[in-house]
Amino acid sequence: FTVIIVQSIQSKTRLKLGDRILNMIRVLIICMLFQLSFEMEHALADTSRKCDLLAANPFDKRKVSDGVKLVEIDPSAAIPACLFAVKENPENLRYQYQLARAYFKDSDYDNSIKFARGAATKGYAPAQSALGQHYEIGEGVTKNFNEAIKWYRKAAGQGYALAQNNLGNLFAVGNGTKQDWDKAFQWISKAADQGLPISQVHLGSMYERGEGVTVNH
């Protein structure tokens with residue numbers, strides 16, 4: 001009888017020990033899965049952030065990196081990074097615009113227009129300006145100064161310096177509208193006040209020549 005009791009106690013002890021081991025294994029698996037999920041989440045975020053590092057516009061007020069000049073974009077790296085970012089964050093207009101920018105550098109104007117228009121129609125100022133530029137220079141679309149002015153106006157009205165500059169230039173030369181030096185001066189001044197170098201140079205020239213303003217050397 002004593003032997004039976006001892007064997008029973010030993011059996012229960014082994015069961016308790018086995019349960020503890022199983023519980024430890026379960027906890028370990030859960031921790032490993034949590035860590036894996038955490039690492040995957042950060043890996044995805046890092047991949048999306050590459051789009052910002054490789055294709056952000058220095059003049060985009062919503063940028064989260066220093067930005068890259070258009071001529072310095074490497075499409076072979078920027079396009080896949082931004083495609084991934086757009087896929088993972090389909091509602092992020094910044095990524096859509098940056099992808100359009102990368103495609104533009106790659107001379108893939110159809111895709112550039114596609115993604116620029118998608119962000120532009122939802123109110124993203126840099127994308128509106130980019131779409132206006134497509135229409136102004138006739139890349140991927142038939143040149144249309146009226147459309148260029150329409151999209152530049154939308155972006156310029158939101159304070160986007162590049163659009164303000166480009167809109168001012170169209171008024172200065174009279175493309176898509178009658179020549180209007182007053183409006184040209186108005187928009188180019190706004191861009192220059194934001195520190196856009198090309199606008200500052202143009203504004204100095206306007207003061208020198210008295211275009212839309214009294215001559216002031």
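Residues numbered from 1 in each chain as written. Predicted model: local features only at pLDDT ≥ 70, side-chain atom pairs only at ≥ 80, totals over all residues. Heavy atoms only, no water.

Caption draft 1: The confidence of the model for the protein, seen in detail. The predicted model of the protein has a mean per-residue pLDDT of 86, with 78% of residues at 70 or higher. Across the protein, element-level confidence peaks in helix 3 (residues 93-105) with a mean pLDDT of 98 and bottoms out in helix 1 (residues 2-55) with 61. Of the regions scoring below 50 in pLDDT, residues 36-45 engages in three contacts with residues more than four places distant in sequence or in other chains. (pLDDT = per-residue confidence, 0-100. Helix = DSSP H or I, 4+ residues; strand = E, 2+ residues; numbered from the N terminus. Contact = heavy atoms within 4.5 Å.)

Caption draft 2: Just the packing of aromatic side chains, in detail. Throughout the structure, instances matching the rule amount to four aromatic pairs. Taken together, a centroid distance of 5.9 Å and an interplanar angle of 45 degrees make the contact between Tyr97 and Tyr124 tilted. One end of the pair, Tyr97, is in helix 3; the other, Tyr124, is in the loop between helix 4 (109-120) and helix 5 (125-137), with 27 residues separating them in the sequence. Judged on exposure class, the residue Tyr97 and its partner Tyr124 are both buried. For the ring pair Phe104 and Tyr109, a centre distance of 5.3 Å and an interplane angle of 65 degrees mean the geometry is edge-to-face. The class for Phe104 is buried, based on a relative accessible area of 17%. Over the ring of Tyr95 we find Arg94; its NZ or CZ atom is 4.8 Å from the centre of that ring. (Phe/Tyr/Trp six-rings, centres within 6.5 Å; stacked < 30°, edge-to-face > 60°. Buried < 20%, exposed > 50% of the residue type's maximum accessible area, 1.4 Å probe, protein only. Lys NZ or Arg CZ within 6 Å of the ring centre and 35° of its normal.)

Caption draft 3: Focus on helix 6 (residues 145-157). With 13 residues, helix 6 extends 18 Å between its outermost C-alpha atoms, agreeing within 8% with the 18 Å of an ideal straight helix rising 1.5 Å per residue. Ala148, Ile149, Trp151, Tyr152, Ala155 and Ala156 are the residues of helix 6 that are buried. Packed against the buried residues of helix 6 are helix 4, helix 5, helix 7 (161-173) and helix 8 (181-193). Sitting at the amino-terminal end of helix 6 is Asn144, which places a side-chain oxygen 3.1 Å from the backbone nitrogen of Asn146. Remark: Gly159 follows helix 6 within two positions and exhibits a positive phi of approximately 90 degrees. (Expected span 1.5 Å × (residues − 1). Polar contact = N/O pair within 3.5 Å; in protein donor to acceptor, adjacent residues only side chain to side chain.)

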